[in-house]
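Close look at the chain arrangement
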There are 2 protein chains.
Amino acid sequence: MPDSAVRDHLHREVLQSDDSYGLLPEFVSQVHDALEAGDEDTVRELVAPLHYADIADLIETLSPEDRDRFVRATKAAFNAEILPELDDAVRAEIIEELGFEDFAACLREVESDDAVYLAGQLEDEEERAAVLAKLPPELRSVIEQALALPEYSAGRLMQRELVAVPSYWTVGETIDYLRSGARLPDEFYQIFIVDPRHRPVGYVRLSSLLRSRRPVRLNQIMDLKAAEIPITMDQEEVAFIFRQQNLLSAPVVDASGRLVGRITVDDVVDVIDEEAEDDMFRLAGLSEGDLFSDVVDTVKSRITWLLVNLGTAVLASLVIGVFESTLQAVVALAVLMPIVASMGGNAGTQTLTIAVRALATKELTAANAGRIVSKELVIGLINGVVFAVLTGAVSWVWFGDGMIGVVIGAAMVINMIAAALAGIAIPLVLDRLKVDPAVSSGVFLTTVTDVVGFFAFLGLAAVFIL
Amino acid sequence: MPDSAVRDHLHREVLQSDDSYGLLPEFVSQVHDALEAGDEDTVRELVAPLHYADIADLIETLSPEDRDRFVRATKAAFNAEILPELDDAVRAEIIEELGFEDFAACLREVESDDAVYLAGQLEDEEERAAVLAKLPPELRSVIEQALALPEYSAGRLMQRELVAVPSYWTVGETIDYLRSGARLPDEFYQIFIVDPRHRPVGYVRLSSLLRSRRPVRLNQIMDLKAAEIPITMDQEEVAFIFRQQNLLSAPVVDASGRLVGRITVDDVVDVIDEEAEDDMFRLAGLSEGDLFSDVVDTVKSRITWLLVNLGTAVLASLVIGVFESTLQAVVALAVLMPIVASMGGNAGTQTLTIAVRALATKELTAANAGRIVSKELVIGLINGVVFAVLTGAVSWVWFGDGMIGVVIGAAMVINMIAAALAGIAIPLVLDRLKVDPAVSSGVFLTTVTDVVGFFAFLGLAAVFIL
């Protein structure tokens, strides 16, 4: 296979360096130069050997002008598989540049779950209707039905193409059916076994089917279904079940229990990945990944949380303002006070992050919350004592005043315990109130640790030093 | 199948509430009560219908004393599959309670990749040798070979059991071989095609095999390999390739290119999940998830970063100390100064988190770093101007002094730009230096935003207000 050897070689040239997979910067420059020179043939030749996911990465890496040029150069043979792999902001640009006609052609090319996903990305109702109008009626109705389901539900993730047969069939009959060229999906990993009402009862692994002799009945080699996914189930719940049970594929059922689709693990990998990423972003005060968004959209999405933070910072300042006369008298307090607040914030963030993640992975539940809260309080106390001694000693030496050391030490113990309590209690309470703990926990936490930190330190100082 | 119907029903009772999958607290209490009463039969009956991953969750949820009791109650028929699903700290407890003999029995039960993983968890060399001594020679040598490879390498993740056949075989010959009962893995998703030197050249999907007639040769229906994984490749790199190319399974090759194993997507799902989780933890100053660690281990793992943070907080205090006389003269500065530092810290953390994640997902590369840095600087400038106006106005009204408003506004612009620059540049530089940007970026960032924030605000005040 000389042809494939060449492709393989090219693939390596472009993508591999030192055991690390990724586009080489030199390759990206080559594409950029060809785009700028308007040399569309070279562009097409350069990307021909790439996997569609790598082309998606390439498009993301290009500047917005180059992206438009790239679409124009490859429009005639634009690989539809690229679209689902793109970042949302970049995809919107590409769809605009493609136009409705070519975008509709892309929807026809990809599998039904991807078509649903892509059509769902068009937020403008009119645009969506215009694109759907260009699709064959069957695909159109599949997409419309799926889009009527809640966003992020199993029904949006699933593929409708699947292989389902009754349990009384033999291995031979099944293989003959598969070979008959009946309308079957391109790729499938298991065969679903359904009862006469088309409800899933189990599945046969393809490896079991291949290893069994023709007269064997499927009910002798089938496994009972591990899980069945209701069509309205939230995708995070679906991802949890896949991860938990190491599933490759699971049947999706409608309200009456009939098999209507399948979800495969490759769709779920993206959900799992996004879930941890989303929590990470939310904890940092980001509503979403915005690496490829333009400046205006990025500022818009980031400013909300900064405004909230301004509110809490002003609140902390109001607390400090209460002690203006104390600060006037002992200016050393102004120098030291950020230490108490900062240590509380950091220790609290550690606890908070553990709690938010454990809630997402269902490791922290009503059944063990009590034990975890006690543990965090003990840790807060230990941290408080350790850092009380350290900061107390540093402050004493620095300002030559033992009382300042005692006051900062006492404030440190108080704030570390407050931080531990807030770090674990805030996400638990938000979760109980059905609010995503990752979104707002951080603000509440730093409010607590700033206010308690400043108040304890300056308040104790006002009483014991003045 | 009445039996399975009962199991299914039980499964639902225990695990499902409102479309949400997870152990019901009432169920956990039931198990706890039975454990406390020493009623081992009831314990075994209660957990019998559960999936092994749910039993792992149950064990994690129990208190340490209950865990020991649970192991004693189920020891005779302890399901080895539970072990890989457990949190590290909990697993160490369980292994201790099981003892070497029963732990070795577990290693014999699980698949080779899980056995390697579990044996690798024993950190004490002597303990590990004692357990390995109890294994059959073949399994022992598989584990020893794998453990000789670097931790977190592809060789540790892979399974050695696979199906590999030459490309000139027909579909019929292949099916006959599979049916012959030759030593084959329990489950496989594709058949690898190898050349005479046992190097992988492609693969046949089981669905393609099933749909083709017996005389068809495999080279007519095979797909070229999408990727081949060197045995020493880091697991994060492996996970990236799987995600990128939506792979279900990939061949692993040794230095001479020979097929030595396969990695399947279910192993990689865990790596993908851990990767995002690790970055999230590291950004919060956590070295690892410690929900189930005891207090001593938790304090040990968390205190390092708090100590580093104390250092940076003291550094910031030193900067404030330089301006003691300024603060003495205008105490309002002490009230306002945390606002400048806090806003810089938060805006910087947004940028930092985006950058750390984008480096991990390879969306931020040398090819687009310049553009992203420019964008973040523009955003820093915009944020600076917006929050300069807001805080300037608030400060002016609060203290009735326009100059304070001007100074805090100017300091805000400076610190927001510094935050944007630090937020993007620090992770880029650390990455270039081959240091994990998630681990230490946060400390550097807050050092920059605290120092620049306090210095700019108090320095400008010293010049323009005094």
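Residues numbered from 1 in each chain as written. Chains lettered and ligands numbered in written order. Predicted model: local features only at pLDDT ≥ 70, side-chain atom pairs only at ≥ 80, totals over all residues. Heavy atoms only, no water.

Here is the rule: UniProt positions are given in the numbering used here, feature names are shortened, and annotations may be inferred rather than shown by experiment.
Chain A is annotated in an unreviewed UniProt entry as Magnesium transporter MgtE of Rhodospira trueperi. In its Subunit (unreviewed entry) section, UniProt records this for chain A: "Homodimer." Per UniProt, chain A carries the Sequence similarities (unreviewed entry) text "Belongs to the SLC41A transporter family."

Concerning the overall build of chain A
Quick reminder of the rule: Each helix is a run of DSSP H or I of at least 4 residues and each strand a run of E of at least 2, with the numbering of both proceeding from the N terminus. All radius of gyration figures rest on C-alpha atoms, and the globule criterion is 2.2 Å times the number of residues raised to 0.38. Only protein chains enter the accessibility calculation, which uses a 1.4 Å probe; a residue is then buried when its area is under 20% of its type maximum, exposed when over 50%, and partly exposed in between. We call two residues in contact when some of their heavy atoms are within 4.5 Å.
A tally of regular secondary structure across chain A gives 22 helices and nine strands. Relative to its length of 466 residues, chain A is extended, with a C-alpha radius of gyration of 29 Å against a globular reference of 23 Å. Looking at chain A residue by residue over its 466 residues, the buried ones come to 57%. Put simply, of all contacts in chain A between residues at least 6 apart along the chain, 66% involve residues at least 24 apart.

Brief notes about the environment of V335 of chain B
Tracing the sequence through the fold places V335 of chain B in helix α19 (residues 332-360). Sequence-wise, V335 of chain B and N246 of chain B are 89 residues apart; in three dimensions their C-alpha atoms are separated by 54 Å. Beyond its immediate sequence surroundings of up to four residues, V335 of chain B is in contact with S317, I320, G321 and E324 of chain A together with W398 and F399 of chain B.

With respect to the packing of helix α2 (residues 25-36) of chain B against helix α5 (residues 64-74) of chain B
Residue and element names in this part refer to chain B. The test is simple: Axis geometry follows a simple rule: fit a line to the C-alpha atoms, using only the stretch in contact for helices, then measure angles between N-to-C directions, giving values from 0 to 180 degrees. Just so you know how the angles are binned, under 35 degrees is roughly parallel, over 145 roughly antiparallel, 65 to 115 roughly perpendicular, and the rest oblique. Under this grouping Gly is polar, as are all residues other than the nonpolar Ala, Val, Leu, Ile, Met, Phe, Trp, Tyr, Cys and Pro and the charged Asp, Glu, Lys and Arg.
Remark: α2 packs on α5, axes separated minimally by 10 Å, with the N-to-C direction vectors making an angle of 70°. By the angle between their directions, the pair α2 and α5 is classed as roughly perpendicular. Residues H32, L35 and E36 of α2 form the contact with α5, whose participating residues are D66, R69 and F70. Per-class residue counts for the contact of α2 with α5 are two nonpolar, one polar and three charged.

Things to note about the pairing of strand β8 (residues 249-253) of chain B
All names here are of chain B. The line we're drawing: For two strands to be treated as a pair, DSSP must find no fewer than two bridges joining them.
In terms of burial, β8 is largely enclosed, as five of its five residues are buried. Residues S249, P251 and V253 of β8 are buried on one face, and the alternating residues A250 and V252, pointing to the opposite face, are buried as well. Bridging between strand β7 (residues 229-230) and β8 involves two bridges; their strand directions are parallel. From the neighbouring strand, P230 faces β8, where its bridge partner is V253. Where β8 and strand β9 (residues 259-264) come together, five bridges link them in antiparallel fashion. Note that in β9 the partner of V252 across the bridge is G261. Once β8 ends, the chain turns through five residues before running back antiparallel as β9, passing G257 with a positive phi of about 85°.

Focus on the relation of the copies chain A and chain B
Comparison of the two chain copies shows a relationship of rotation about an axis with a shift along it. Basically, it comes down to this: Overlaid copies result from least-squares superposition on C-alpha atoms, with residues included only where pLDDT is at least 70 in both.
In the superposition of chain A on chain B (RMSD 0.1 Å, axial shift 0.0 Å), the rotation amounts to 180°. In the structure described here, the two chain copies are related by an operation that fits a two-fold rotation axis. In this assembly the copies share their binding face: 99% of the residues contributing to the interface of chain A also contribute to that of chain B.

Things to note about the environment of V271 of chain B
All names here are of chain B. Mapped onto the fold, V271 is located in helix α16 (residues 265-283). Sequence-wise, V271 and F240 are 31 residues apart; in three dimensions their C-alpha atoms are separated by 9.6 Å. What V271 contacts, discounting residues up to four positions off in sequence, is L157, Q235, E236 and A239.

Considering the domain arrangement of chain A
A common way to state how big an interface is: give the accessible area lost once the parts meet. What counts is decided by this rule: These domain boundaries are the output of an automatic or database domain assignment.
In terms of domain boundaries, chain A breaks down into domain 1 (2-152), domain 2 (164-264) and domain 3 (295-464). Between the C-alpha centres of domain 2 of chain A and domain 3 of chain A there is a distance of 52 Å.

What about the interface of chain A and chain B?
Note the following rule: Buried surface area refers to the total accessible area, computed with a probe of radius 1.4 Å, that the two partners give up upon joining, counted for both partners together. Think of a salt bridge as a Lys or Arg side-chain nitrogen and an Asp or Glu carboxyl oxygen that are within 4 Å of each other. Polar contacts here mean pairs of N or O atoms no more than 3.5 Å apart (in protein, one a potential hydrogen donor and the other a potential acceptor; neighbouring residues in sequence count only if both atoms are side-chain atoms).
Contact with chain A, which involves 138 residues of that partner, is made by 138 residues of chain B. It is R179, L210 and R211 of chain A in chain A that bury the most area against chain B; as a group they hold 7% of the surface buried on that side. There are 12 salt bridges connecting chain A and chain B. Taken together, chain A and chain B are joined by 53 residue pairs in polar contact (both at pLDDT 80 or more). For the side of chain A that touches chain B, the class distribution of residues is 73 nonpolar, 31 polar and 34 charged.

Examining a negative patch on the surface
Residues and elements named next belong to chain A. Convention followed: Each patch is built from salt-bridge-free residues with over 30% relative accessible area, joining like charges within 9 Å and nonpolar side chains (Val, Leu, Ile, Met, Phe, Trp, Tyr) within 5 Å. Methods summary: accessible areas were calculated by the Shrake-Rupley approach with a probe of 1.4 Å, and residue burial reflects only the protein chains presented. We score Asp and Glu as negative and Lys and Arg as positive, and we do not count His or the chain ends. One atom stands in for each charge, and that atom is NZ of Lys, CZ of Arg, CG of Asp or CD of Glu.
A surface patch of negative charge is lined by E96, D124, E125, E126 and E127. Within the secondary structure, E125 sits in helix α9 (residues 125-132). Its relative accessible area of 58% is what places E125 among the exposed residues.

Remarks on the pattern of salt bridges
All names here are of chain B. Tallying each qualifying case throughout the model produces 44 salt bridges over all chains. In this structure, E144 engages R140 in a salt bridge whose closest nitrogen and oxygen atoms are separated by 3.7 Å. Taken together, the residues E144 and R140, both in helix α10 (residues 137-148) and four residues apart, mark about one turn of the helix. The salt bridge involving D176 is made with R214; its shortest N-O contact spans 2.7 Å. Here D176 is found in helix α12 (residues 171-179), whereas its partner R214 is found in the loop between α13 (206-211) and α14 (218-221), with 38 residues between them in sequence.

Brief notes about the layout of surface pockets
Picture a little ball the size of a water molecule; that probe, rolled over the atoms, points out where space is still empty. All names here are of chain A. This is how the line gets drawn: Using protein atoms alone on a 1 Å grid, points that fit a 1.4 Å probe yet trap it form a cavity, whereas open point sets bounded by protein on both sides within 12 Å along at least five of seven lines form a pocket; residues with an atom within 4 Å of a point count as lining. Grid points are joined across faces, edges and corners, and a volume is the space filled by probe spheres set on the points.
Of the pockets and cavities examined, the second largest pocket occupies roughly 530 Å³. In terms of lining residues, the second largest pocket is bounded by 16 residues, among which S112, E138, R160, E161 and R183 are the most central. Of all the elements in the fold, those that place two or more residues in the lining of the second largest pocket are α7 (88-109) and α10 (137-148). Looking at the lining of the second largest pocket element by element, the count peaks at three residues for α10. Tallied by class, the residues present in the lining of the second largest pocket amount to eight nonpolar, one polar and seven charged.

So, the sheet that holds strand β8 (residues 249-253) of chain A
Pairing in this open sheet of three strands is mixed, and the strands run β7-β8-β9 (chain A) from one edge to the other. Each edge of the sheet is formed by a strand with only one pairing partner; in this case those strands are β7 (229-230) and β9 (259-264) of chain A.

Examining the pairing of strand β4 (residues 190-194) of chain A
As a general feature of sheets, a regular strand has side chains that alternate between the two faces. Residues and elements named next belong to chain A. As a reminder, the rule being used: Handedness of a crossover: with both strands directed away from the viewer, a clockwise path from the first strand across the helix to the second marks it as right-handed.
With five of five residues buried, β4 is to be regarded as a mostly interior element. Going residue by residue along β4, you find Q190, F192 and V194 tucked away on one face and I191 and I193 tucked away on the opposite face as well. A crossover links strand β3 (residues 164-166) with its parallel partner β4, the connecting element being helix α12 (residues 171-179), and its sense is right-handed. The sheet contact formed by β4 and strand β5 (residues 200-205) spans five bridges and is antiparallel. Residue pairing in the sheet places V194 in a bridge with P200 of β5. Taken together, β4 and the strand that follows it, β5, pair antiparallel across an intervening segment of five residues, in which H198 is found at a positive phi of about 65°.

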